[in-house]
Amino acid sequence: MIPYGKQDINQQDIDAVIDVLRSDFLTQGPKVPLFEKTINSVCSSQYAVAVNSATSALHIACLALGVSQGDLVWTTPITFVASANCALYCGASIDFVDIDPDTYNLCPIQLEKKLQQTKQLKQPLPKVVIPVHLCGQSCDMQAIHQLSLEYGFSIIEDASHAIGGKYQEHPIGNCLYSDITIFSFHPVKIITTAEGGAATTNDPQLADKMALFRSHGITRDENLMTEPSHGAWYYQQIELGFNYRMTELQAALGISQLSRINEFISERIQLAEVYNQQLKKLPITLPKQLKESSSSWHLYVIQLQLGKITKTHQQVFEQLRSSGIGVNLHYIPVHIQPYYQELGFKPGQFPVAESYYRQAISLPLFHHMSEKQFKRVVNTLTDILE
Ligand SMILES: *Cc1c(COP(=O)(O)O)cnc(C)c1O
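Residues numbered from 1 in each chain as written. Predicted model: local features only at pLDDT ≥ 70, side-chain atom pairs only at ≥ 80, totals over all residues. Heavy atoms only, no water.

1. Things to note about the state of the cysteines
Here's step 1: Counted under the stated rule, the structure contains zero disulfides.
Here's step 2: Here Cys-62 stays free of any disulfide, with the sulfur of Cys-86 as its closest cysteine sulfur at 3.7 Å.
Here's step 3: Relative accessible area serves as the criterion here: at 0%, Cys-62 is assigned to the buried category.
Here's step 4: In this model Cys-139 remains outside any disulfide bridge; the closest cysteine sulfur is found in Cys-107, 10 Å from its own.
Here's step 5: Cys-139 sits in the buried class, given a relative accessible area of 1%. (Disulfide = S-S within 2.5 Å. Buried < 20%, exposed > 50% of the residue type's maximum accessible area, 1.4 Å probe, protein only.)

This is how it looks when you write it as C-alpha cells:
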C-alpha cells in the first residue's frame with residue numbers, strides 16, 4: 001500500500017538520537033532548548049515551547065490565554081478533533097465557523113457574519129479563535145486578525161500541517177497575526193519527533209505561562225515566586241500544570257529533521273505541481289491556493305465532481321484503497337462526531353464543511369515518493385474515474 005504520508009528518517013537523524021542515548025540527559029537537558037531555538041529561527045518567532053504533542057500545545061496555549069469555564073472558543077469543523085477538544089479540556093465551550101469553499105480553511109466572511117450576529121443577539125463572543133492551516137496552506141490571517149481587533153478575541157494558529165509554509169512571504173509561526181502558533185511533529189506531518197509539538201509566540205508572558213503549564217506549574221524562577229526561596233533545593237508550584245515535556249531524544253531528532261526542512265518543502269511543492277499537471281483533465285477539483293500563501297503541502301486534497309462521474313465518493317475511495325493507494329480523508333467534520341453531537345451539534349449546521357466531506361480525498365504525498373509510486377497513483381485514479 002502506498003501510504004498517504006510517511007516520515008523520512010536518514011542516518012543523521014539516527015545518529016542524533018543515538019548520541020542522546022549515550023549522553024547524560026534523556027530528558028530536561030540541553031537539546032530541548034536548542035530545538036526551541038531552531039524552531040524560532042525557522043519560524044521567525046521570539047519564543048518557542050516544545051511539548052510532547054500538538055494536542056498538549058493546544059491545551060497549554062488555551063490555558064496561557066486564560067481560557068476557562070464560561071469561555072467560548074471557535075474553530076473550523078474541518079480539522080482533527082484536537083483543535084476543538086483543547087477548549088473542552090479547559091472547561092470552555094466550543095463552536096465552529098464554516099469553511100471557505102475554495103481553500104477549505106475557516107472562512108473569514110463566515111467568521112465576520114457569525115461575530116456580527118452573536119453581538120447583535122447580545123450572546124457571548126469567543127475568547128479565542130483557532131484557525132487551522134489545512135493541508136499546509138495558511139488561512140487568511142490578515143482578515144482574521146482584523147476581526148480580532150474589532151471583536152476582542154485572541155488567536156491560536158493550528159499550524160500542525162504547516163511548518164515550512166509561508167504567508168505574505170513570512171514563515172508560518174511568526175505570530176504576526178496571532179498570539180500563539182502551534183505545530184505537530186507526528187510522523188505523518190512535515191517533520192517528526194515521533195510524537196511531539198511546539199508553540200511559538202512573541203509574548204514573553206505567554207511563553208512563561210506555557211512553559212509552566214508544560215511542567216506541573218512548577219517554577220525555579222525567583223521572579224515568578226510568591227515568597228523568597230527557602231534554599232537551593234527550592235521550587236514553587238504556582239499553577240496546576242501537567243507533564244507535557246518533550247524528551248531529549250525527540251528534540252535531537254527534531255533538530256536534525258529541521259535541518260532538512262527546505263529540502264522537504266521543495267520536494268512537496270514539486271510533487272504537488274506534478275499532481276496539478278497530471279490530474280487537471282480529470283473530473284475533480286484540484287487544491288486552490290491563495291496568492292499570498294505558499295503551502296507546505298502536508299496534504300494534497302482533491303474533490304470529486306460527483307455530477308460528472310457515475311461512481312460514488314465511497315466507491316472511488318474504496319477502489320483506490322483496494323488498488324494499493326493508501327488514500328485518506330481529512331477530515332470528518334468535528335461537529336458530526338458522536339461526542340460533539342452529544343453536546344448538541346447537528347448535521348446540516350455547517351453545510352460547506354459537510355459538502356467538502358462528501359467529496360474530498362487526500363492523495364499520497366511524502367518525501368522520497370518514487371516516480372513509480374507517483375505514476376501508480378495518477379494512473380489508478382485516472383482508470384477509476386474514466
Ligand atoms: C495532527 C494534528 C493535531 C494533533 O497533533 P498531535 O501532535 O498528534 O497531538 C492537531 N491539529 C491538527 C490540524 C492536526 O493535523
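2. Thoughts on the site of the ligand
Here's step 1: Surrounding the ligand, one finds 15 residues, the nearest of these being Thr-55, Asp-158, His-161, Ser-184 and Lys-189.
Here's step 2: The contact in question runs from an oxygen atom of the ligand to an N or O atom on the backbone of Ala-54, over 2.9 Å.
Here's step 3: Lys-189 places a polar side-chain atom, nitrogen or oxygen, 3.0 Å from an oxygen atom of the ligand.
Here's step 4: With the chains in place, 92% of the 380 Å² that the ligand exposes on its own is no longer accessible.
Here's step 5: Those elements that place two or more of their residues in the shell around the ligand are helix 3 (54-64) and helix 4 (82-89).
Here's step 6: Grouping the amino acids of the shell around the ligand by side-chain chemistry returns five nonpolar, eight polar and two charged. (Near = heavy atom within 4 Å. Polar contact = N/O pair within 3.5 Å; in protein donor to acceptor, adjacent residues only side chain to side chain. Areas by Shrake-Rupley, 256 points an atom, 1.4 Å probe, with all protein chains shown as cover. Helix = DSSP H or I, 4+ residues; strand = E, 2+ residues; numbered from the N terminus. Nonpolar A, V, L, I, M, F, W, Y, C, P; charged D, E, K, R; others polar.)

3. Examining the domain arrangement of the chain
Here's step 1: Entries for the chain in the domain assignment read domain 1 (2-258) and domain 2 (261-385).
Here's step 2: Each partner contributes to the interface: domain 1 provides 48 residues, whereas domain 2 provides 48 residues.
Here's step 3: Both sides together, the interface formed by domain 1 and domain 2 hides about 4,100 Å², and carbon and sulfur atoms give 63% of it.
Here's step 4: On the domain 1 side of the interface with domain 2, the three residues burying the most area are Ile-2, Tyr-4 and Tyr-104, jointly 21% of the side's total.
Here's step 5: Of the charged contacts, one joins Asp-102 and Lys-288 as a salt bridge, the two residues approaching to 3.6 Å between their closest N and O atoms.
Here's step 6: Our count for the contact surface shared by domain 1 and domain 2 stands at 24 residue pairs in polar contact (both at pLDDT 80 or more).
Here's step 7: Split into classes, the residues belonging to the side of domain 1 that touches domain 2 amount to 24 nonpolar, 13 polar and 11 charged. (Domains from an automatic or database assignment. Contact = heavy atoms within 4.5 Å. Buried area = accessible area lost by both parts, 1.4 Å probe. Salt bridge = Lys/Arg side-chain N within 4 Å of Asp/Glu carboxyl O.)

4. What about the packing of aromatic side chains?
Here's step 1: Overall, the coordinates contain 13 aromatic pairs when judged by the stated rule.
Here's step 2: Between Phe-242 and Tyr-244 the ring centres are 4.9 Å apart and the planes differ by 10°, which places this aromatic pair in the stacked class.
Here's step 3: Among the aromatic side chains, those forming a connected cluster through ring pairs are Phe-96, Tyr-339, Tyr-340, Phe-345 and Phe-350.
Here's step 4: Note that Lys-114 overlies the ring of Trp-74, its terminal NZ or CZ placed 5.3 Å from the centroid. (Phe/Tyr/Trp six-rings, centres within 6.5 Å; stacked < 30°, edge-to-face > 60°. Lys NZ or Arg CZ within 6 Å of the ring centre and 35° of its normal.)

5. Overview of helix 4
Quick reminder: α-helices carry 3.6 residues per turn. Residues three or four places apart thus point the same way.
Here's step 1: Most of helix 4 sits inside the fold, with six of its eight residues counted as buried.
Here's step 2: Looking only at helix 4, the buried set comprises Ala-82, Ser-83, Ala-84, Asn-85, Cys-86 and Ala-87.
Here's step 3: On its buried face, helix 4 sits against helix 3, strand 2 (72-75), strand 3 (93-96), strand 4 (128-130), strand 5 (154-158) and helix 11 (338-342).
Here's step 4: One or two steps after helix 4, the chain reaches Gly-91, where phi turns positive at roughly 85°.

6. Quick notes on the sheet that holds strand 2
Here's step 1: One open sheet accounts for seven strands, arranged 1-9-8-5-4-2-3; its pairing is mixed. Looking at the sheet topology across the chains shown, the edges are occupied by strand 1 (47-51) and strand 3. For this sheet, the mean inter-axis angle between neighbouring strands, taken without regard to orientation, is 20°.
Here's step 2: Relative to strand 9 (residues 197-201), strand 1 runs antiparallel, the two sharing five bridges. Among the inter-strand pairings, Ala-48 is bridged to a residue of strand 9, identified as Thr-200.
Here's step 3: Across the sheet, helix 5 (residues 108-120) touches strand 2 and strand 3, and the angle it forms with strand 2 is around 155°. (Pairing = 2+ DSSP bridges. Axes fitted to C-alpha atoms, helices over the stretch in contact; angles between N-to-C directions.)

7. Focus on the pattern of salt bridges
Here's step 1: As enumerated under the stated definition, the model contains seven salt bridges in all.
Here's step 2: One salt bridge in this structure joins Asp-71 and Lys-127, with 3.7 Å as the shortest N-O distance. Taken together, the residues Asp-71 in the loop between helix 3 and strand 2 and Lys-127 in the loop between helix 5 and strand 4 connect sequence positions 56 residues apart.
Here's step 3: Measuring nitrogen to oxygen at the nearest pair gives 2.9 Å for the salt bridge that ties Lys-114 to Asp-95. Taken together, the residues span a long stretch of sequence, with Lys-114 in helix 5 and Asp-95 in strand 3 at a distance of 19 residues.
Here's step 4: One salt-bridge network, held together by shared partners, links Asp-8, Asp-13 and Arg-260.

8. Observations regarding the nonpolar core
Here's step 1: Core analysis: the biggest nonpolar cluster contains 78 residues, and Leu-279, Tyr-300, Ile-302 and Leu-381 have the highest contact counts within it.
Here's step 2: In terms of residues, this core owes the most to one element, helix 3, which gives eight residues.
Here's step 3: Summarising the domain contributions, this core has at least three residues from each of domain 1 (2-258) and domain 2 (261-385).
Here's step 4: Apart from residues no more than four positions distant in its own chain, Leu-279 is found in contact with Ile-284, Leu-286, Tyr-300, Ile-302, Leu-363, Val-378 and Leu-381.
Here's step 5: Among the nonpolar cores identified, the runner-up in size contains 38 residues, and Val-129, Ile-163, Ala-198 and Leu-258 belong to it. (Core = buried A, V, L, I, M, F, W, Y, C linked by side-chain atoms within 4.5 Å.)

9. Quick look at the side chain of Asp-13
Here's step 1: Structurally, the position occupied by Asp-13 is in helix 1 (residues 11-21).
Here's step 2: If we ignore the near neighbours within four places in the chain, the residues touching Asp-13 are Asp-8, Leu-253, Ser-256, Gln-257 and Arg-260.

10. Focus: the packing of helix 2 (residues 31-43) against helix 8 (residues 248-258)
Here's step 1: With their axes 8 Å apart at the nearest point, helix 2 and helix 8 run at an angle of 30° to one another. Overall, the two elements helix 2 and helix 8 adopt an arrangement that is roughly parallel. The hand of the helix 2/helix 8 crossing is left-handed. Side by side, helix 2 and helix 8 meet where Lys-31, Val-32, Leu-34, Phe-35, Thr-38, Ile-39 and Val-42 of the first sit next to Glu-248, Ala-251, Ala-252, Gly-254, Ile-255 and Leu-258 of the second.
Here's step 2: Across the contact of helix 2 with helix 8, the residue classes tally to nine nonpolar, two polar and two charged. (Parallel < 35°, antiparallel > 145°, perpendicular 65-115°, else oblique. Left-handed = near helix turned anticlockwise from the far one by under 90°.)

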